[in-house]
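Here's the letter readout for the chains.
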Amino acid sequence: MTLNERLFIIVPLLSLLCNLFLFLTALSTKKDRLVYAFIALLGSFTMWSGGSLFMRLQLAPGASFWYMVSITGIFLVPFLIYNFIYRFTSTRAPFSHIVQGIIWLVILLLNAGNVFITDPHIVTAGHETRFEYGVSVWCFIPILMAAYTLLASWRLAYKSCQDGHSDISQFTPMLIGVGVMFACTLSATLPQMVSLPVDTFSCLVNAICLYYMLYRRRLVPLRSFTTNGPVFAIALTCATVLLISVYRTADNFYALYFDAYLPYKTIVFSVAASVLTVFLFCIVRRLMTAILLKGAEQQNEELRRFSTDVNKTLSLEALLNLYRDYLQHSMPGYTARVFVLDSRTGCYDMRGATEMSVACRDSFAADDPLMAWLKSRGCCAQYAEFTRSRHFRALWQKEKDRLEQMRVELLLPIMSGSEMTAVALFSRQDDAPRRALSQERLGMLDSVAAVLAIALNNASLYEALRKKAQYDPLTGLYNRSYFQEVLQNDFTLAHHAQLSVLIISFDDFRLYNELYGAAEGDHILKRFADALRVLVGSRGTVARYSGKEFIVSFPFCPPDTATDCAEKARRWLEREVVSAGSGPRRFLTFSAGVSSYPTCARSVEELLTYAGMAVYSAKNNGKNRVCLYTPEPEDKRIAKSYASKRALADSCSSTIFALTAAIDAKDHYTFSHSQHVAEYAAALATAAGLDNEHVEIVRQAGLLHDIGKIGTPEAILSKTGRLTAEEYTIIKQHVEASTAMIRYLPSMDYVIPSVLGHHERWDGKGYPRGIAGEQIPIGARCLCLADSFDAMVSRRSYKEAMSVERALREIEANLDTQFDPQLGKLFIELVRSGKLPVHTDAPPEP
Amino acid sequence: MTFEEKLKQCPAAEVWQEYCGFLDLSLPEYMQIQKRLVMEQVELMAACPLGQRLFRNGVPRNVEEFRTMVPLTKFDDYADVLLPQREEMLPAKPVVWLHTTWEGGDFPSKRAPYTESMLEAYTRNILAAMILSTSKGRGQFHVRPGARVLYSLAPMPYATGMFPDLIRPQLRLRFMPSVREARKMSFGQQTRLGYKLAVKHGMNLFFGMSSVLYGATRSLDSLAGGGGGGLKMLWGISPRMLVRLLSALYRCRRDGTPLRPRDLFKLDGFVCVGTDTALYKNELAEAWGIRPLELAGGTEPSCMGTETWSKNGLVLFPDACFYEFIPEHEYARELEDPAYTPRTYLMDELVAGQKYELVITVLKGGAFLRYRVGDIYRCLRLRNPEDGLDLPQFEYVDRIPSVIDIAGFTRITKREIEKVISLSRLPIAHWFAVKEYDADGHSYLDLYVELDNEDAGSAALTKQILQEHLSIYFRSYDGDYKDLKRLLGMDPLRVTVLRTGTIEAYTRRTGRTVLPVGAPREVVLDILHLQDTLGEGGDVQ
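From a predicted model like this one, the values you see are computed outputs, not experimental measurements.

What follows deals with the overall build of chain A. Helix and strand counts for chain A come out as 30 helices and 13 strands. The 846 residues of chain A split such that 45% are buried. For chain A, long-range pairs separated by at least 24 residues make up 66% of all intrachain contacts whose partners lie at least 6 apart in sequence. Carbon and sulfur atoms make up 59% of the accessible area of chain A, which totals about 42,900 Å².

Okay, structure coming up:
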């Protein structure tokens, strides 16, 4: 066989296989009209190449048949190219399309009748077999028609580019294919080329070019090569070729060694062929996957790993680090800068870059046109596209220069719903190759961005909740619970140095609220918080400690710093609130207390307690001042405190008297009852070893413990019969009523714990809180005994007075249930020993 | 990537979007761009001595403060910086200085610095105008590299002279005559040679001043070297143009009609600039077979507005200047009371049909802040649903009443007329001047004069003598005025002699003084009626 003969078999065979392969590949993709048009075109190429090959090989049913297949394929090509472009450009010209189709159908029918090409026959000269044919005068009709159809195709493509629907570069592969086809067709007329299979070669080139064209439009992905159809076609072809080449050897081998099994030869060979085909199918499939899907699988793996990693964390920093690592790995040659939305300012602040040398101090303003454009676009975009947008016109020159300096090429918005939570800007590194990113890579960036967006959203929600839990919503300062964490940290840090704590408490703030309204109160708290934050600056941490209290931690600062800050805050308050404006003069002051480590406190708890005590001291000493806590001897402190409480009680005695007298008007038992209870409880407290200050508190609590009865209906107070459940509920409310009234007595709130707990029981069955045992303040336990005893030995409207002894027995019986057993025994002893004089309405016991 | 590369490599939709995408802006989006860019200008100005001088009330922090704190300005406020070209005083380094003559002002010319950013915007906007001139609808345009352009605009250092320099690096166009040749010629020579070349080789685009275009259209034969040119004209003519010319001449002879430009040329785009464009537009469209696209601009504001594909109203570019508008009643009040400061309004506060004086702040490092250009525009409509525009459209009306603009060539003011009268030493006691239009649509200056009592009866001082005398002095005093006669062949001055005492009588009767320049039409009519009722001594009969 000569070289030419071999070429005439090899080239059409290659072309046939390639077209067949593409044909099967296209069949396995998602089909639409365009893909169908492509399949039809591949079909015509296959007919052309296959017909030509089989005609040469003179396979059955004969050369004439294969000639007809081949020539039909050739005649179909112009119209099918037109049809392909028609679909590719989405043109709407059905009339022209149908008319051309009909004309070509007629031409095909005429061709079947050998109107254009006459007398096709095989000529054998020596070893060479040639196919010869004649041309009729009517041949110019299909030639002109082909030229017209191809020009019409070109016109469609050109018009589509002109109208902006397509880009001329999209048609480049097709132009190359058609160019090769023309070149081959023309060269076939040259005597030197007559003996070469240039026509089928052009089929091969055309098919590949068109496939590339569709691939670029993402209509036929590379992965479709790895589907079963094409892979099986390759395996079958290889198995067939292999079998043909080794058939004789295998046949001889079988005859030599398996002579006995000669009748089974066909079955053995068939099974062997099948096994070989399956084996080759597996190998080819694995190879194709490795070659074509390696990149895609790698990308999928990266995406999967990234998704898994980001789902494991709620930390913004960790997420950004993961994203940075991903970009470093998957975008070599590019520097990425990641900007994250700060929900408070609305700005996009740079939070990371894939290059260590890039400084992270950049930011985009909330109204930056680039950000607005990216948000409206919502997916990956080239910077050049932005420069063409109308948003670009709104950029300042320095903003343009900055982007130019960054050499931004690619922009990636990270969208969470309609909100753009972050933006990644990619710039090409100097040494990176000037190669455009593939569509797959861009798609992958969008996919990763989508995963990141969800994670960022979760992280920001978590961050917001965490911040919400740390901040006071009104002032924006840290709240009490978070401050305690901060203080603990400061204490740990300043363990070998100093730490000062300042507590600021507004004086008579409730009064201020009532005078000027709660809104004004909130306003001044907010302004004061802002001012205090500025005054403290970076020296410490400010928090809102309670409704009217602020607290500041000054690590590594002496108490003077805190005192100085408090004084400045006082001056600010004086300037901004008291002396400000032309309206009525408003009064608002604060008392502040300072404590410091290690001079006066040894722990965080002590710092807080002592600072609180200093505030208390400042309030007791006339308010509107700053007190520094200084440790004093305990007895001196107690004596001082007792004196102050006593003085306070004396100053309030007229108020207390007036209140109890008011009760007397409703329930005259109560007046003397309060006096008696105060007396008994104070005696019991003294006997129990409480200090003078505490005894004074108990005494005052005794005087005030029933003042809440002023709000109890007289009918219930003086009812002689048994109280109904409803009435009992009402009378139980006098405890809360008493505490509510005491809160209005100036600076006597220290009696509240005793008053509030005087109806609690040792076994926890009392009211209002149902606390038990030593949870009940000792003052309240004293009051409980004194109150019960006096109630028993006094005459009431609903009962006669009980004898003292009986009352004591009653107490004795209820020790461990109603009364504190220790105190109860002590009280009984006090009465029985006569140390506690008893006021009783009961007749003396016989 | 140059404009030409974009035309070749990018889809047409992308090119349209880049250059004409501003037409898709909504009014709020437009205002957002304006307000953003004016704050850039404020920042630049605050850092330069000129800006600090204008920001004497403090640096504005937002647009509202800018409009209240910065006074309205005129060229006088910048003259000491711009005329000596003191670059160190400016907000950004200029790369080119443009000039314009201003004989009527306090200074002989005006100068405006252009920064690199301004030129960038200027280029984009002029290319947008070129695209729009060839467009027949949104996104449909036909600009081709290598197109032949007849360029009939004032040369450098006038603002229109920048067009070729800006376009050439972006798009390969064949200017007729070439830019290098044109620079060696006078404006008149350039126009005549351009026409000759156009007739020989054809043309695709035409940039020209409306008044010059109009004049050229009416005398195409003479400009094209026709008339007796005959065979000489045919020498070197391209076969395509020869066929067109011969067939056009045949048709004209057959129908007995004059040769019109539309018979010879098939223009892709037709751009015109200058005052009085509105007057000529219909006739130009009829003559050329394509409606001209009008541009708005000037030395100070650069190219600031263009019409769209429907050629029916100007849209102002959002990134050329920040625009404010003084309504008619406000500037009229200022004319009566010069101490009054008129209020300005923004683009989103306009009323359709209302006339406004334009106030601009040149963006991107320009020198002018809240500058009164002296142009009056009418807001035609606030949006144009037919064209799918959500932006106001304007038409150029005229210069402000105190300036008489003749055919876009010269701007005559009270100061100039006073100067000419004093130079002429004619015994003119009172005068006032108004702008009028003749039957051909040409504008002219109508000067109403009253002679001194003792000369009023002199037969020697006829209207004709006065006119010739004043014309001579106008021509010698104002170079642009001289060009009017030379280029357009028109005499822009007419003198009307009033009976002595008429103006005083009018003032006595109505209590209103007659504005020396730009008196309303009804005042002129009242004066003419009053003149008929006056006796010899100026008494009312």
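Right, let's talk about the interface of chain B and chain A for a bit. Think of interface size as the accessible area that goes away when the parts come together; that is how it is often given. The partner chain A presents 22 residues to the 29 residues of chain B that form the contact. Around 2,100 Å² of area is buried between chain B and chain A when both sides are counted, 41% of it from carbon and sulfur atoms. Considering only the side of chain B, the residues that lose the most area to chain A are B:Glu18, B:Arg36 and B:Glu40, jointly responsible for 29% of the buried surface there. Here A:Arg390 makes a salt bridge to B:Glu29, at a shortest N to O gap of 3.8 Å. Elements that contribute at least two residues to the side of chain B that touches chain A include exactly α1 (3–9), α2 (12–20), α3 (27–46) and α7 (116–133) of chain B. Among the elements that take part in the side of chain B that touches chain A, α3(B) stands out by supplying 7 residues, more than any other. Here the side of chain B that touches chain A is built from residues that sort into 12 nonpolar, 5 polar and 12 charged.

Here we take up the pattern of salt bridges. A full pass over the atoms with the stated rule returns 59 salt bridges over all chains. Notably, a salt bridge pairs A:Arg388 with B:Glu14, separated by 2.9 Å at the nearest N-O pair. Of this pair, A:Arg388 sits in helix α13 (residues 383–388) while B:Glu14 sits in helix α2, each in a different chain. A:Arg388 sits in the buried class, given a relative accessible area of 14%. Put simply, A:Glu301, A:Arg304 and A:Arg305 are held in one network by salt bridges that share partners.

In this section: the nonpolar core. With 130 residues, the main nonpolar core has B:Phe207, B:Tyr323 and B:Met347 as its most contacted residues. The element best represented in this core is α7(B), accounting for 10 residues. Two domains each provide a minimum of three residues to this core, namely domain 1 (3–314) and domain 2 (404–532) of chain B. Leave out the neighbours within four places in its chain, and B:Phe207 touches B:Met130, B:Val149, B:Leu150, B:Tyr151, B:Ser152, B:Leu153, B:Phe163, B:Ile167 and B:Val271. One finds A:Val35, A:Ala63, A:Ala207 and A:Met213 within the second-largest nonpolar core, a separate group that totals 50 residues.

Residue and element names in this part refer to chain B. With respect to the helices, strands and loops of the structure, Val273 is situated in strand β6 (residues 269–273). Linking Val273 and Leu213, residues 60 residues apart in sequence, is a C-alpha distance of 9.8 Å. Excluding its chain neighbours within four sequence positions, the residues that come into contact with Val273 are Leu153, Thr160, Gly208, Met209, Ser210 and Leu295.

Once that is clear, we can look at the sheet that holds strand β16 (residues 428–437) of chain B. Residues and elements named next belong to chain B. Strand order across the open sheet formed by 3 strands is β16-β17-β18, with mixed pairing between neighbours. Either end of the sheet is taken by a strand with one partner, and the two such strands are β16 and β18 (493–498). Neighbour-to-neighbour, the strand axes of this sheet turn through a mean angle of 25°, independent of strand direction. Pairing of β16 with strand β17 (residues 443–451), which is carried by 9 bridges, proceeds in the antiparallel orientation. Each bridged residue has a counterpart across the sheet, and for Glu436 the counterpart in β17 is Tyr444. In this fold helix α18 (residues 414–424) packs onto β16 and β17, with an angle of close to 130° to the strand it touches most, β16.

Now for helix α16 (residues 480–493) of chain A. All names here are of chain A. In this model, α16 (14 residues) spans 20 Å end to end at C-alpha, consistent with the 20 Å of a helix rising 1.5 Å per residue. Within α16, the full set of buried residues consists of Tyr482, Phe483, Val486, Leu487, Asp490 and Phe491. Where the residues of α16 are buried, they touch α15 (439–470), β9 (499–506), β10 (541–546), β11 (549–555), β12 (590–597) and α20 (604–620).

Moving on, we come to helix α21 (residues 502–510) of chain B. Residue and element names in this part refer to chain B. Buried within α21 we find Thr502, Ile503, Ala505 and Tyr506. On an axial view of α21, the arc spanned by its buried residues comes to 160°, and they lie on one face. Buried residues belonging to α21 abut β16, β17, β18 and α22 (521–532). In the segment just after α21, Gly511 is the residue with positive phi, at about 75°.

One pass over the structure, following the stated rule, counts 59 aromatic pairs over all chains. Centroid distance A:Phe253 to A:Tyr257: 4.8 Å. Interplanar angle 50°. Geometry classified as tilted. Of this pair, A:Phe253 and A:Tyr257 are both found in helix α8 (residues 228–257), 4 residues apart, which corresponds to roughly one turn of the helix. On the numbers, 4.5 Å between centres and 45° between planes, the contact of B:Phe368 with B:Tyr371 is tilted. In terms of burial, B:Phe368 and B:Tyr371 fall into one category: buried. Taken together, A:Phe506, A:Phe509, A:Tyr512, A:Tyr516, A:Phe528, A:Phe550, A:Trp572 and A:Phe590 form an aromatic cluster joined through their ring pairs. Positioned above the aromatic ring of A:Phe364 is the side chain of A:Arg402, whose terminal nitrogen or guanidinium carbon lies 4.1 Å from the ring centre. Between B:Arg494 and the ring centre of B:Tyr444, over which it is positioned, the NZ or CZ distance is 4.0 Å.

All right, on to the pairing of β10(A) then. Residues and elements named next belong to chain A. Summarising burial for β10: 5 of the 6 residues are buried, a large majority. Examined bridge by bridge, β10 and β11 share 5 bridges and lie antiparallel to one another. Within the sheet, the bridge partner assigned to Ser546 lies in β11 and is Glu549. Between β10 and β11, which pair antiparallel in sequence order, lie 2 residues.

Let us now look at the confidence of the model for chain B. All names here are of chain B. Per-residue confidence for chain B gives a mean pLDDT of 84; residues scoring 70 or more make up 90%. Every residue in residues 537–541 scores below 50 in pLDDT, and together they form 11 contacts with partners more than four places removed in sequence or on other chains. Confidence metrics for the complex model read pTM 0.61 and ipTM 0.78.

Another aspect to go through is unusual backbone geometry. What is expected of a backbone is that most residues other than glycine have negative phi and most peptide bonds are trans. All names here are of chain A. Put simply, Tyr597 and Pro598 share a cis peptide bond, and its omega is 5°. Looking at the secondary structure, you find Pro598 in the loop between β12 and α20. Positive phi is not limited to glycine here, since Ser90 has a value of about 55°. You can see Ser90 is positioned in the loop between α3 (63–88) and α4 (94–112). The class for Ser90 is exposed, based on a relative accessible area of 53%. In this structure, Asp508 is a non-glycine residue whose phi angle is positive, near 50°. Turning to its location among the elements, Asp508 is positioned in the loop between β9 and α17 (509–516). A relative accessible area of 40% means that Asp508 is categorised as partly exposed.

Residue and element names in this part refer to chain B. The buried fraction of strand β3 (residues 148–152) is high, at 5 of 5 residues. The alternating pattern of β3 places Arg148, Leu150 and Ser152 and Val149 and Tyr151 on opposite faces, both of which are buried. Pairing geometry for β3 and strand β4 (residues 174–176), over 3 bridges, is parallel. When the sheet's bridge partners are listed, Arg148 is paired in β4 with Arg174. You can see the chain leave β3, run along helix α8 (residues 162–167) and come back into β4, and the turn it takes is right-handed. Bridge analysis of β3 against strand β5 (residues 205–209) gives 4 bridges, and the strand direction is parallel. Bridge pairing in β5 places Val149 opposite Leu205.

This part takes up the side chain of B:Thr500. Within the secondary structure layout, B:Thr500 lies in the loop between β18 and α21. When its relative accessible area of 17% is taken as the criterion, B:Thr500 is described as buried.

The next thing to look at is the sheet that holds strand β3 (residues 334–341) of chain A. Residue and element names in this part refer to chain A. What the 6 strands build is an open sheet, ordered β5-β4-β3-β8-β7-β6; its pairing is antiparallel. Each end of this open sheet is capped by a strand with a single partner; those strands are β5 (363–364) and β6 (381–382). Sitting on the sheet, helix α12 (residues 369–377) touches β4 (348–353), β5, β6, β7 (408–416) and β8 (419–428), and the angle it makes with β8 is about 110°. Docked against the sheet, α15 engages β7 and β8, running at close to 40° with respect to β7.

Turning to the side chain of B:Glu324, a few remarks are in order. All names here are of chain B. One can find Glu324 in strand β10 (residues 321–327). A relative accessible area of 0% means that Glu324 is categorised as buried. Within polar-contact distance, the side chain of Glu324 engages the side chain of Thr344 at 2.8 Å. A distance of 2.7 Å separates polar atoms of two side chains, one belonging to Glu324 and the other to Arg370. Setting aside residues no more than four positions away along its own chain, Glu324 makes contact with Phe66, Arg67, Thr344, Tyr345, Leu346, Glu357, Leu358, Val359, Thr361 and Arg370.

Cut-offs and rules
Residues numbered from 1 in each chain as written. Chains lettered and ligands numbered in written order. Predicted model: local features only at pLDDT ≥ 70, side-chain atom pairs only at ≥ 80, totals over all residues. Heavy atoms only, no water. Helix = DSSP H or I, 4+ residues; strand = E, 2+ residues; numbered from the N terminus. Buried < 20%, exposed > 50% of the residue type's maximum accessible area, 1.4 Å probe, protein only. Contact = heavy atoms within 4.5 Å. Areas by Shrake-Rupley, 256 points an atom, 1.4 Å probe, with all protein chains shown as cover. Buried area = accessible area lost by both parts, 1.4 Å probe. Salt bridge = Lys/Arg side-chain N within 4 Å of Asp/Glu carboxyl O. Nonpolar A, V, L, I, M, F, W, Y, C, P; charged D, E, K, R; others polar. Core = buried A, V, L, I, M, F, W, Y, C linked by side-chain atoms within 4.5 Å. Domains from an automatic or database assignment. Pairing = 2+ DSSP bridges. Axes fitted to C-alpha atoms, helices over the stretch in contact; angles between N-to-C directions. Expected span 1.5 Å × (residues − 1). Arc of directions from axis to C-beta. Phe/Tyr/Trp six-rings, centres within 6.5 Å; stacked < 30°, edge-to-face > 60°. Lys NZ or Arg CZ within 6 Å of the ring centre and 35° of its normal. pLDDT = per-residue confidence, 0-100. Right-handed = clockwise from strand over helix to strand, strands pointing away. Polar contact = N/O pair within 3.5 Å; in protein donor to acceptor, adjacent residues only side chain to side chain.

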